[in-house]
Structure formats: C-alpha cells, structure tokens
Amino acid sequence: MTTPTTPVTSAPLDAERTDLLDQLTAARAALLTTVRGLGDEQAAERPTAGALCLGGLVKHVASMEQAWLRFVVEGPSAMRYDLPEGVTWQDFAAGTAREYPQWAIDHQLDFQLLPGESLDGIVARYAEVAARTAEIIATVPDLSATHPLPEAPWNEPGAVRSVRRVLTHLIAETAQHAGHADILRETLDGQKSS
C-alpha cells in the first residue's frame, strides 16, 4: 500500500523509451548548463546580432516541448495555426499582415525574458514540463502511434508524426538550441559550457 511518504513507482520503461528519454535529458542538461550562474539581467541580454537571449531559449524549448507533448496526447487540435479573417499566409510570411494571431505573438514572446519573469521561474517550469514528458512517454501505449500534423505552410499536407518522431524532433531541437545557447553564453561573458 502506498502512503504519502512512500514514493510511487511505475513499471520500468522499455529500452527504447529509456534511450529516447535519456537523450532528451542529456540535451536539456546541455542547454541548462549554459544558464548556470546567471542572473535575470544576464539571462535577458542579447549579446549577438540576433534577438536571442539565454532565458528566452530555455523558455522557448520548454514551450515547444509542452506543445509537442500536448500533440502526442490530443492530436492536431493541440497545435492550431489559424490566421485572423482576411489574413493570408503570404501576408503573414511577408510581415505585412494587418493582424497577427495570438499563437504567433506568443511564439515570438517565448524567445524573450519578459518583465516579471525570472530565470529561476523559467528553469522550474522547464523541470515541470520535463516531468510531464516522462509521465506521458511512460504511459503512451505505442511509440508508433501517429496523429496528422495540423495544417500550416511548414507542414507537408497529409503528414503525420508518431510519438517516436516527436521525441526525436524534441531531442534535435533541444540540442540545436543548446548550441545556440553555448554561443550566446560565450559571447556574453566568455564562459564555455563544455
């Protein structure tokens, strides 16, 4: 019998799930190493020609992981890319839309450390997202289960993604952004994370 002081244990994961989650954990650790020891002001700085900051990269990766795992659970309705009435994808891509959808605004804000946000808060949220990811992957019946991708110009019409492919995408995206973060941190204060 489980009591409040007894940890709840789940069935062991199969080797593939363990390997995939281990790789995602390693990519997350590489990203988080780049923000170790920074204060909020440093985490919000944009030390390169681009608009990226270290706090924003961690925030973005956490948001994308959360969105993709909602996709695993809910399907394409979890990732909708609707445009306001009268706005076309051409307007959107050209930057000439008269109005932008909230999902696009939120996506841009994910790359910034906004007033009232802290690096500690963003890292804590990322830990919550990671725990939820592990929970979902442990309980999803089949890594080969697929959902159609939502309609968007960057998704091939009729394309589907399996749970496995979502995980490999998250590993790749997290690792890619860890590399971006490495460059930002070295530019910011000379600190190398590797």
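Predicted model, so just to flag it, every value in this text is computed and none were measured.

**Re helix H7 (residues 163–189)**
An α-helical turn contains 3.6 residues, so a residue and the one three or four places further along point in the same direction.
Alright, step 1. With 27 residues, H7 should cover 39 Å at 1.5 Å per step; its first-to-last C-alpha distance of 38 Å lies within 8% of that length.
Alright, step 2. Just downstream of H7 lies Gly190, where phi reads positive at about 80°.

**Structural notes on the nonpolar core**
Alright, step 1. Counting 23 residues, the largest nonpolar core has Trp68, Val72, Ile137 and Leu143 as the members making the most contacts within it.
Alright, step 2. Of all the elements in the fold, those that place two or more residues in this core are helix H1 (15–33), helix H3 (54–74), helix H6 (119–139) and H7.
Alright, step 3. It is H3 that provides the largest number of residues to this core, a total of six residues.
Alright, step 4. In contact with Val72, other than residues within four places in its own chain, are Ile136, Val140, His147, Val163 and Val166.
Alright, step 5. Counting residues in hydrophobic clusters, the runner-up holds 19 residues, among them Cys53, Ala62, Ala181 and Leu188.

**Re the packing of aromatic side chains**
Alright, step 1. Taken as a whole, this structure holds nine aromatic pairs when the rule is applied.
Alright, step 2. Summarising the aromatic geometry, the rings of Trp89 and Trp103 are spaced 6.1 Å apart at their centres and angled 45° between planes, so their arrangement reads as tilted. With Trp89 in helix H4 (residues 89–94) and Trp103 in helix H5 (residues 102–109), this pair connects stretches of sequence that are 14 residues apart.
Alright, step 3. Under the relative-accessibility criterion, Trp89 is labelled partly exposed at 26%.
Alright, step 4. Through a chain of ring-to-ring contacts, three or more aromatic side chains come together here, namely Tyr81, Trp89, Phe92, Tyr100, Trp103 and Trp154.

Analysis parameters
Residues numbered from 1 in each chain as written. Predicted model: local features only at pLDDT ≥ 70, side-chain atom pairs only at ≥ 80, totals over all residues. Heavy atoms only, no water. Helix = DSSP H or I, 4+ residues; strand = E, 2+ residues; numbered from the N terminus. Expected span 1.5 Å × (residues − 1). Core = buried A, V, L, I, M, F, W, Y, C linked by side-chain atoms within 4.5 Å. Buried < 20%, exposed > 50% of the residue type's maximum accessible area, 1.4 Å probe, protein only. Contact = heavy atoms within 4.5 Å. Phe/Tyr/Trp six-rings, centres within 6.5 Å; stacked < 30°, edge-to-face > 60°.

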